[in-house]
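Spelled out, the chains give:
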Amino acid sequence: MYTLVTFSTEQPARLLSHYLAQQGIGAEYAQVQGDYTHAVILLDLEHQLHAKSIAEAFLLDPQDQKYQSSAWLSGQSVSLQRQSTWSWRVLFTHLRQAPFTASVLVLCLLFYCLAIVGFTLPYQSLQIQPLGIMLDSHQWWRLVGPALIHFSLLHITFNVLWWWTLGSQLEKSFGLSTVLLLFLFSAIVSNLAQLWISGPNFGGLSGVVYALVGCVWWLGWLRPEWSIALPKALVGFLLIWLLVGYMDILPVNMANTAHTVGLICGCLFAWLLSKYAKKSHADE
């Protein structure tokens, strides 16, 4: 075992240990003797160099949302002391760090709230139509539109939480244009596939969310040095949930084709990204 870094308070040590574990690096929190009594212990020296680079990045920006996300995904929420007091300023700071991801989130919530109070014009304007009708009307935004409309509180809650958690991580790492391209690519392809299989009566960000899952999952496999990954157990759960949708045992209708095609789009996008993109934090 090796003491990677020590802190004077417990919270940052736990955040960093959670994040290292998410990246597949054996690490744990421990209390040690000395002025800085809260330590991150590295369990395997094989990953020492990689762990040191992650620790250095953490020390430069411990407020990065990806560290809290990793703690949340592991089932534990850890807040740094200077984040303990919630404020609108903190919220807007996080939103500004991922403006495109935040914009899509706000649009989804806005359209859903408008529909609740009876103003359904946005839904009518965004719903996809048969290709023949769109060829005549040239309303091509409808190819993306279904990703922005939702039909229940559970539906939109699940989608926007995953969209923000994964989308903001990718946007901070690769920039707005990368997430915009992934959004458009996965939304258009998954919506067209769902239209072809089941017709125009569907909506939701789920196809794009599964694209994000596929992208982050494969990036963790293809480029582990980029420190972007999902825990294997979580990937397994989401894949099982995808299969459950095809069993037709749930009380709601699921856009299974959009989910599956979105996942494939995300995996393909990750392969292209790993091949051509240069991540700002990566050691090229």
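Cut-offs applied
Residues numbered from 1 in each chain as written. Predicted model: local features only at pLDDT ≥ 70, side-chain atom pairs only at ≥ 80, totals over all residues. Heavy atoms only, no water. Core = buried A, V, L, I, M, F, W, Y, C linked by side-chain atoms within 4.5 Å. Buried < 20%, exposed > 50% of the residue type's maximum accessible area, 1.4 Å probe, protein only. Helix = DSSP H or I, 4+ residues; strand = E, 2+ residues; numbered from the N terminus. Contact = heavy atoms within 4.5 Å. Expected span 1.5 Å × (residues − 1). Salt bridge = Lys/Arg side-chain N within 4 Å of Asp/Glu carboxyl O. Phe/Tyr/Trp six-rings, centres within 6.5 Å; stacked < 30°, edge-to-face > 60°. Pairing = 2+ DSSP bridges. Patch = residues over 30% accessible without salt bridge, like charges linked within 9 Å, V, L, I, M, F, W, Y side chains within 5 Å. Areas by Shrake-Rupley, 256 points an atom, 1.4 Å probe, with all protein chains shown as cover. Axes fitted to C-alpha atoms, helices over the stretch in contact; angles between N-to-C directions. Left-handed = near helix turned anticlockwise from the far one by under 90°. Nonpolar A, V, L, I, M, F, W, Y, C, P; charged D, E, K, R; others polar.

A. Up close: the nonpolar core. Residues Val104, Trp163, Leu170, Phe183, Leu205 and Leu219 are the most contacted members of the largest nonpolar core, which totals 48 residues. Elements with a contribution of two residues or more to this core: α5 (99-116), α6 (121-126), α8 (153-174), α9 (176-198), α10 (206-222), α11 (232-246) and α12 (256-276). Take this core: its biggest share by element is 9 residues, from α10. Apart from residues lying up to four places away in sequence, Leu219 is in contact with Leu170, Phe174, Pro224, Trp226, Ile228, Ala270, Leu273 and Ser274. Among the nonpolar cores identified, the runner-up in size contains 18 residues, and Ala13, Leu15, Tyr19 and Ile54 belong to it.

B. Structural context of α8. Taking 1.5 Å as the rise per residue, α8 with 22 residues should run 32 Å; its terminal C-alpha atoms sit 31 Å apart, in good agreement. Positive phi appears at Gly175, one or two residues downstream of α8, with a value of about 100°.

C. Geometry of the pattern of salt bridges. For the structure on display, the rule yields 1 salt bridge. With its nearest N and O atoms 2.4 Å apart, the salt bridge here joins Arg14 to Glu10. Taken together, the residues Arg14 and Glu10, both in helix α1 (residues 10-22) and 4 residues apart, mark about one turn of the helix. Taking relative accessible area as the criterion, Arg14 reaches 30% and is therefore assigned partly exposed. Residue class for Glu10 comes out partly exposed when judged on its relative accessible area of 33%.

D. Expanded view of α1. Taking 1.5 Å of rise per residue, 13 residues should cover 18 Å, and α1 covers 19 Å from first to last C-alpha, within 8% of that figure. Burial in α1 covers these residues: Pro12, Ala13, Leu15, Leu16, Ser17, His18, Tyr19, Leu20 and Gln22. Directly beyond the C-terminal end of α1, a positive phi value near 85° is found at Gly24.

E. Up close: the packing of aromatic side chains. All chains considered together, the criterion is met by 8 aromatic pairs. Relative to Phe183, the ring of Phe100 lies with its centre 5.6 Å away and its plane at 75°, an arrangement referred to as edge-to-face. Taken together, the residues Phe100 in helix α5 and Phe183 in helix α9 connect sequence positions 83 residues apart. Accessibility classification places Phe100 together with Phe183 in one group, the buried group.

F. Focus on the pairing of strand β3 (residues 38-42). Most of β3 is tucked away, with 5 of its 5 residues classed as buried. Side chains His38, Val40 and Leu42 project from β3 onto one buried face, and the interleaved Ala39 and Ile41 project onto a second face that is buried too. Sheet topology places strand β1 (residues 2-7) next to β3; 5 bridges connect them, and they run antiparallel. For Val5, the partnering residue across the bridge sits in β3 and is Val40.

G. The arrangement of a nonpolar patch on the surface in detail. A grouping of Ile116, Val117, Phe119 and Leu121 is seen on the molecular surface, where their side chains present a nonpolar patch of about 420 Å² in accessible area. By secondary structure assignment, the location of Val117 is in the loop between α5 and α6.

H. A look at the packing of α10 against α11. Where α10 contacts α11, the axes come no closer than 11 Å and their chain directions differ by 145°. For α10 against α11, the interelement crossing comes out left-handed. For the pair α10 and α11, contact is made by Tyr210, Val213 and Trp217 and by Val235, Leu238, Leu239, Trp241 and Leu242, respectively. Partitioned by chemical class, the residues of the contact of α10 with α11 number 8 nonpolar, no polar and no charged.

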